[in-house]
Structure formats: structure tokens, C-alpha cells
Amino acid sequence: MAERRLLVLFGSQTGTAQDTAERIGREAKRRHLRCRVEALDSCDVANLIHEPLVVFVCATTGQGDPPDNMKMFWRFLFRKNLPAGSLCQLDYAVLGLGDSSYPKFNFVAKKLHKRLLQLGGNPLLPVALGDDQHDLGPDAVVDPWLVALWDKILALYPLPPGLEIISPNVCLPPKYTLHYLPEDCPQPERALLQPAAPRAAPCELHPFAAHVVSNQRVTAPSHFQDVRLIEFDIAGSGITFSAGDVVMIQPQNCPEDVHQFCQLLRLEPHRRFMLEPTESGTSLPPLLPQPCTIQYLVTHYLDISCVPRRSFFELLAYFSTNELEREKLQEFSSAQGQELYSYCNRPRRTTLEALWDFPHTTCAIPADYLLDLIPRIRPRAFSITSSMLAHPERMQILVAVVRYKTRLSKPRRGLCSTWLASLNPEQGDVRVPLWVKKGGMKFPADPATPVIMIGPGTGVAPFRAAIQERVALGCRGNCLFFGCRHKSKDFYYQTEWEELVTKGLLTLFTAFSRDQEEKVYVQHRIRENGRLVWELLSSGNAHIYLAG
């Protein structure tokens, strides 16, 4: 009988595709299939020719781009020299997750499906196009598609004699087992828990622990928004960047939330443990030291401030000893998830707050299931707002601290921006794990090409890096349209721009929307200066850049 094995590969930017891929993995285990779930860039693409059955789960980002963790796979798959029938033994299915309010809706999934067909693959089903805009979210498409998928797979790979599908009422084993170490076990050196300076260029698995040099508020105290200019020392990191590049920052949970979480789940923060995979072949989570403390796990790894997904409530229901709570959890995890949307997504309720609402269940969560229940904290991207030519061995970012109200009494706060704003370099050696990614903006190589930059608010961040770089290289033709609310409250880099204007190195147009009766925005300034803009475009071949 053919080996009953399935490979689930995902390309995920925000975690939704990974969550769906892991759901497919769980459903495969219930059907007694040997199943691996991996990011597309973690799998050896050349081995696809040996895989009998693969399900691809792909998100689409930006303007129809593949997510970061499938970019290498994407380049390989579209190589011109791949033979037409190279995947003729492959049965496959593609599930796309997208948003129909974007013009390139599910572009990656559609293109992948087409390419696998070209290479001789056999599709089990038409490509599924999950849509965030649907009332029930992507599940409206995903749920019925999965029912059809399992019918197809079980027709090809029937259940072995004597085995039945494991009932949904049975909780599957956790991905890892948590082994507590005896309290008197020797402590590891504290340095183990600090990201060490890597040998190669820093990356997600080996970030650089950059020293915070300064953290200053650049909006007036009376302004509604707190915006920070933060500077890092990157000397000795091996990091290089140019205008338009992006820095990725790995944030952490605040101490109060960590304390609350440990109290709710009756966890001892300073207990140390080793993780052991339940199944052979499962790799340990990267970025978690072994041994590790509960405190470190909750502070640096578990995303207790994210809005929980349906899978969270599904798993939580298994641990519930309280009938009322269990019924509510099962309701949230059912396919008709309107209730879940209004409980979680609309008010942006966090995982920690959801756990507060189910106290009987929360205190019964086995520690082994923590990594199945709560996703890891994802890194956040910021435009770099300085140039190495102006500030060697330094890097600056402009951060608007995210804070807004929903119907919940407590204001919502952005995890990363709130954490960054709280860092005080005067309180000793404060460090932030970071690495650099190539940005989508490329500035012209020819110094004679003029550049028109439109950057309202913190959207001006990458243009400051570009202007610093271009001025250092002697490029003229720098034209900036900047907009904010008030000249006196949120005019970022005001003195810097004014100096450059005086030196004839920058043409600056400003729009302060609230400083007069009628609101004035950057588009008004562009229209007023239409003749200049057209001249730069028509005879100067100017490049236009826009950042929000």
C-alpha cells in the first residue's frame, strides 16, 4: 500500500497562513497520515520531486508579492530551466489567503497553482481563494474546501484496516513536552539569554542586540500622538543598509502582562525547563534557549497580546472543566464565527484578555500545550530614517506609538511601539534585537535624476534617509512634500529641512492641515506646484516616491 504521507507547506507574513497550515496538519493526524508542516523556505525544493502529496497554503502581501518565508522557493520554482514534467508524480492542492480589497487578490496562490500545473503536477481540487473581506473571513472558503480535500485524499489513501478518524472530541498530543528541571539544578550563565553578536550578517535567527543610544519624543507634549526618534549603535554588527531599507525588530511583552499571564496560568516564572518534541523529526522552536525559564518564554516568545484566532478557542475548549465556559469556547471555534468576530476581532481583544474571561479553563491549561495554544511574537518592520553616510555605525527609526480606543475600556496598545517607547537608555545598557531587510524603495543611481518625495507624517522616515544619502553624494534635485497637523507640534526634522533649504540642497513644500480654517493636505500643495512637478517629470525624468 502506498505510504500515507502528506507535506503541508506555507508562505505566511502575519501568521494566518501558518495557522491554517497547522490546522491542516492536525486534521491529517486525525486521519492517521504522516504529516510535516513547514515554511516553504525551510523545505528543500529539490525534494518536491519525491513528494507524493503536498498542500500549499499561501498568503499574498503588498502588490501581489510572496511572503518573506517563501521568496527563495518562489525564485526556484519560476526558473526557466525546470523541465515541464518534473512534478508529474505530485498530487497537490493550493489554498490562498488574501483580501479582495486589493487589486492583486490572491495573486500568489493563483500563480503558484498555474506553475505547478505547467510542471506536470496533478491538482486534487481547484485553487481555493480565502478572502478577509468575507463576513466570516477566509474560513467561509477554507472550511468547505477542506471537506472536499479530505474526501479526495482519503479516496487516494484509504484509512488502514481497523483504524478510524480520530474524533474531534479527542485532544491531540502537544507538539512539545515541557520537562521542568529540579530547582537545585545549576543556573545557566545569564549571557545565554542575551542574543550573541552573530558571526555572519544578522538575520531573524541571529539578530544583533543593538545598544539604544537615545530615545526622544519628537512631538509636542500637548500633541495627541507620541512619536519617537530612536537611535541604535550598530558598531561591530556587520550591518549595512541604504536608503529605503527596513529594520526588523523583535519586540517583547511588558512585565505586567507577563506577571498577569503567569498568575492566571499558575506558572512559576523562574522555573527552568527543557523542551522535547513529541514526534521525532519535529525541530525545536528557534530563538528559545535550552534550558529556558518560564519568564523568558512568556516575555520573549509567546504573543500574549495578539488577537486570538479560532484555533486558540478550539484547543482551549479541550481543557475546560467548566460547562458554561466550554460551551462558549466551542461556539467561538465553530465555523459560523460571527460571534468570534464581534468578541475578538472588532474590539481587538488580546489573548491575555480572552484568558481572563475564561478563568476556570485558563488555570487548567497544561504547560505542555503553551506553544500549540499561543503563536510566537513576530518581528515588526520599521523604515530606517538615517543614512550610514551621515551617521556611520548608527541607525535611527521614527516610531509612532500605537494607541487607540475600541469598545473595550482599556485602550489598545501596539506591542512593539509601546515597548520601544518605554526603553530608557539612561537606565544602563538597554538593547534591542534587530536585523536589516532590503526595502521596496530603490533610489536612482544617476545623481542627476531628480527625486520627488511625498511623505506625510511618519511616512517621511525613509525620505530623511534618502535625502541624507543624496546630499552626502552631492545629488541635487531633492524635492519633498511633507504634511502633518500642526507646524508647532508634529513637524518632524524641521530644523534639518530648513538648513538644507537654506543651502539650496532641498526644495520643501509643507502642508499643515489644522493650522488654518480649511484643511490643507500634501495633494493641495502638489496641485499648487503642478507646473514644477510636471517640469521635473517631463524634462528631468524625475522619480516619484510616496510613503504613508
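Residues numbered from 1 in each chain as written. Predicted model: local features only at pLDDT ≥ 70, side-chain atom pairs only at ≥ 80, totals over all residues. Heavy atoms only, no water.

J.: Quick question: what am I supposed to make of the side chain of Glu469 here?
T.: Topologically, Glu469 is positioned in helix 14 (residues 461–472). Buried charge Glu469 goes without a salt bridge, the closest partner of opposite sign being Arg470 at 8.2 Å. Not counting residues up to four positions away in its chain, the partners in contact with Glu469 are Ser242, Ala243, Ser387 and Leu389. (Helix = DSSP H or I, 4+ residues; strand = E, 2+ residues; numbered from the N terminus. Buried < 20%, exposed > 50% of the residue type's maximum accessible area, 1.4 Å probe, protein only. Lys, Arg positive; Asp, Glu negative; His and termini not counted. Salt bridge = Lys/Arg side-chain N within 4 Å of Asp/Glu carboxyl O. Contact = heavy atoms within 4.5 Å.)

J.: Please clarify how the confidence of the model for the protein chain should be interpreted in this entry.
T.: Low-pLDDT portions of the prediction should not be read for the details of their coordinates. Put simply, the protein chain has an average pLDDT of 94, and 97% of its residues get 70 or more. Every residue in residues 189–198 is under pLDDT 50, and counting partners more than four places away or in other chains gives 10 contacts. (pLDDT = per-residue confidence, 0-100.)

J.: In this structure, what is going on with a positive patch on the surface? I would like to understand it.
T.: Where like charges cluster on the molecular surface, the positive patch consists of Lys80, Lys104, Lys111 and Lys114. Here Lys111 is to be found in helix 3 (residues 107–118). (Patch = residues over 30% accessible without salt bridge, like charges linked within 9 Å, V, L, I, M, F, W, Y side chains within 5 Å. Areas by Shrake-Rupley, 256 points an atom, 1.4 Å probe, with all protein chains shown as cover. Charge placed at Lys NZ, Arg CZ, Asp CG, Glu CD.)

J.: Help me understand the environment of Arg228, please; the structure alone is not making it clear to me.
T.: Take Arg228: it is sitting in strand 9 (residues 227–233). What makes Arg228 buried here is its relative accessible area of 16%. The residues touching Arg228, leaving out its near neighbours within four places in the chain, are Asn215, Gln216, Arg217, Val218, Ile397, Leu398, Val399, Val401 and Ala421. Among the polar contacts listed, one links the side chain of Arg228 to the side chain of Asp226, at a separation of 2.8 Å. Polar side-chain contacts of Arg228 include one of 3.3 Å to the backbone oxygen of Ala421. (Polar contact = N/O pair within 3.5 Å; in protein donor to acceptor, adjacent residues only side chain to side chain.)

J.: Can you walk me through the sheet that holds strand 17 (residues 431–437) in this structure?
T.: Across a sheet, strands are paired by hydrogen bonds formed along the backbone, either parallel or antiparallel in direction. Across the sheet, 6 strands lie side by side as 13-10-17-8-9-14; this open sheet has antiparallel pairing. Each edge of the open sheet carries a strand with a single partner, namely strand 13 (380–383) and strand 14 (394–400). Shown here is a sheet whose adjacent strand axes are inclined to one another by a mean of 40 degrees, direction ignored. Pairing of strand 8 (residues 208–217) with strand 9, which is carried by 6 bridges, proceeds in the antiparallel orientation. Bridge pairing in strand 9 links Val212 to Phe232. (Pairing = 2+ DSSP bridges. Axes fitted to C-alpha atoms, helices over the stretch in contact; angles between N-to-C directions.)

J.: Would you mind going over the UniProt feature "domain: Flavodoxin-like" (unreviewed entry) in the protein chain with me for this structure?
T.: Listed under "domain: Flavodoxin-like" (unreviewed entry) in the UniProt record, and renumbered for this structure, are residues 6–150. Its end C-alpha atoms 12 Å apart, residues 6–150 is made of 32% helix and 23% strand. (UniProt positions renumbered as here; feature names shortened; annotations may be inferred.)

J.: Help me understand the sheet that holds strand 12 (residues 292–293) in this model?
T.: Read from one edge of the open sheet, 3 strands run 7-11-12, paired in antiparallel fashion. In this open sheet, the two strands that pair with only one neighbour each are strand 7 (176–180) and strand 12. Of the pairings in the sheet, the one linking strand 11 (residues 272–277) to strand 12 comprises 2 bridges and is antiparallel in character. Opposite Phe273, over in strand 12, you have Cys292 as the bridge partner.

J.: I keep staring at the pairing of strand 1 (residues 5–11) and nothing clicks. Help me out?
T.: For a regular strand, the rule is simple: side chains alternate between the two faces of the sheet. Along strand 1, 6 of the 7 residues are buried, which leaves the element largely enclosed by surrounding structure. Relative to strand 2 (residues 34–39), strand 1 is paired through 6 bridges, and the arrangement is parallel. In the strand pairing of strand 2, Arg5 is matched with Arg34. Since strand 1 and strand 2 lie parallel, the crossover through helix 1 (residues 16–30) that links them has a hand, and here it is right-handed. Looking at chain direction, strand 1 and strand 3 (residues 53–59) are connected through 5 bridges and run parallel. The partner of Leu7 across the bridge, within strand 3, is Val54. (Right-handed = clockwise from strand over helix to strand, strands pointing away.)

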